Amino acid sequence: MSMINLLVVFFMIIGCSHNTPTKKSLSLILGCSIHNQDGKIIKSFPGTNCVYFPDGSLVSYNPVEKLLQKFDKNLSVIWTLPLHVHHGIHLTHENKLLINSSVVKENIRYDEIFLIDLHGRIQKKYSFYEHFDEIKKNFVSGKHSFEPYKTSWDQNLNFTHEYSHLAASYEIAQDMPGFAQKGSILLTFNTYGRGVYVLSKDFNKITHYEKLTVGIFHDAQSVNSHEIVYFVNTGRDKRSRVEFYDVNKNKVSKTIDRDFFAFFAGSVQIVNDDLVLVTDGKSKHGKVPDLQIEKNLSLQNMVELSKETFNRIIYLSGKGEVIKELHLDFKIGSAKLQDVQSFLKHNLGL
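Residues numbered from 1 in each chain as written. Predicted model: local features only at pLDDT ≥ 70, side-chain atom pairs only at ≥ 80, totals over all residues. Heavy atoms only, no water.

1. Focus on the overall build of the chain
(1) Moving on: When helices and strands are counted, the chain shows 5 helices and 27 strands.
(2) Moving on: Within the chain, the fraction of its 350 residues that count as buried is 53%.
(3) Moving on: Within the chain, residue pairs in contact and separated by at least 24 positions form 51% of the contacts whose partners lie at least 6 positions apart.
(4) Moving on: Of the roughly 16500 Å² of accessible surface on the chain, a fraction of 50% belongs to carbon and sulfur atoms. (Helix = DSSP H or I, 4+ residues; strand = E, 2+ residues; numbered from the N terminus. Buried < 20%, exposed > 50% of the residue type's maximum accessible area, 1.4 Å probe, protein only. Contact = heavy atoms within 4.5 Å. Areas by Shrake-Rupley, 256 points an atom, 1.4 Å probe, with all protein chains shown as cover.)

Quick look at the structure:
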């Protein structure tokens, strides 16, 4: 999506008219554009994934050139790192960049996870290509043969198949006894053996694999010492929904289902006890196709139908009640609320 499209985007707000129950200092982050909580654009930057810092500097990913770059507050380049990035960039508690990346071997894409410091230096790396035999032997099972999946979802990366598809990587903020240590990395894993992986904090090995009884899903994060949360995409039996999963009891502990729709994207953020932010999709006419029809759709039909959707951002109460919706006329993969007031104060670019 071009800078011009970002600047002319419109939002339609529906639902309750009262203010969203969160701090006014929080802004809505849509990739490399910053909006207020009602969707009005404040500032936009080149790139598809951005991370903003209090001193006015930022990190941005250029998907065409496949470059990760850091800019100072005047938008002068500080450093450049050639790297493919997908599904967002997240900060660890040590202010290091946690990045999903890719390596292509013989037209097959494999996932890689990087930890990069703010000087652009690679600190740690885990490669599904380098650990392929370990992943195949110990963590992936099922009735299907272990063959690469035909897909080519990134026009800027030359590949025809992939074995795995990581949809998110987040640092685990607290110890989760029997599941993960604080500082480990929670990986949302799609394609074969759908579930979540736990990557050790030294990036040396996968320490846990939890198979989830869901289809395609996105944005798994730890919530507390025993729960994770994620966005489940619409399948042939159920609508999209947000699920909380108890890793001690190995079952879903809570579901938020508010007529969500997205087939291949979506995200969730637990802002606080009173606010949940969800990124979803709906048809461009504002209607969701009948579920009975949906059951008979082929994967290709689902792909085509997903092209007819636009995104929406939904503010929900802690009980799952809709507070407000923002309808967008372009697609995004994820929206998050963040405090970027200091960044906006010090950034002098654009």
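What follows picks up the thread again.
2. Remarks on the nonpolar core
(1) Moving on: The biggest cluster of nonpolar side chains holds 16 residues, and the ones touching the most others in it are Phe179, Leu186, Val196, Leu212, Phe217, Ile228 and Tyr230.
(2) Moving on: Elements that contribute at least two residues to this core include exactly strand E17 (195-199), strand E19 (217-222) and strand E20 (227-232).
(3) Moving on: Excluding residues that lie within four positions of it along the chain, Ile228 makes contacts with Met176, Phe179, Leu186, Val196, Gln221, Ser222, Val223, Glu243, Phe244, Tyr245 and Val247.
(4) Moving on: Within the second largest apolar cluster, 15 residues are counted, among which are Leu98, Phe128, Ile135 and Phe203. (Core = buried A, V, L, I, M, F, W, Y, C linked by side-chain atoms within 4.5 Å.)

3. Quick word on the sheet that holds strand E3 (residues 33-35)
(1) Moving on: Taking strand neighbours across the sheet as the criterion, the 4 strands line up as E4-E3-E2-E27 in an open arrangement whose pairing is antiparallel. At either end of the open sheet lies a strand with only one pairing partner, and these are strand E4 (41-44) and strand E27 (336-339). Along the sheet, successive strands turn relative to each other by an average axial angle of 35°, direction set aside.
(2) Moving on: Both strand E2 (residues 26-30) and E27 contribute to a ladder of 4 bridges, which runs antiparallel. For Leu26, the partnering residue across the bridge sits in E27 and is Asp339. (Pairing = 2+ DSSP bridges. Axes fitted to C-alpha atoms, helices over the stretch in contact; angles between N-to-C directions.)

4. Side note on the side chain of Ser57
(1) Moving on: Within the fold, Ser57 resides in the loop between strand E5 (49-52) and strand E6 (58-62).
(2) Moving on: Polar side-chain contacts of Ser57 include one of 2.6 Å to the side chain of Asp55.
(3) Moving on: Ignoring any residue separated from it by four or fewer positions in sequence, one finds Ser57 in contact with Val51, Tyr52, Lys70, Phe71, Asp72, Lys73 and Phe343. (Polar contact = N/O pair within 3.5 Å; in protein donor to acceptor, adjacent residues only side chain to side chain.)

5. Notes on the sheet that holds E20
Within a beta sheet, neighbouring strands are joined by backbone hydrogen bonds and run either parallel or antiparallel to one another.
(1) Moving on: A sheet is described by the order of its strands in space; here 4 strands give the open sequence E19-E20-E21-E22, paired in antiparallel fashion. In this open sheet, the two edge strands, each paired with only one partner strand, are E19 and strand E22 (251-260). Averaged over all pairs of adjacent strands, the angle between strand axes in this sheet comes to 15°, irrespective of strand direction.
(2) Moving on: Two elements, E19 and E20, share 4 bridges in a ladder whose sense is antiparallel. Looking at the pairing, Phe217 lines up with Val232 of E20.

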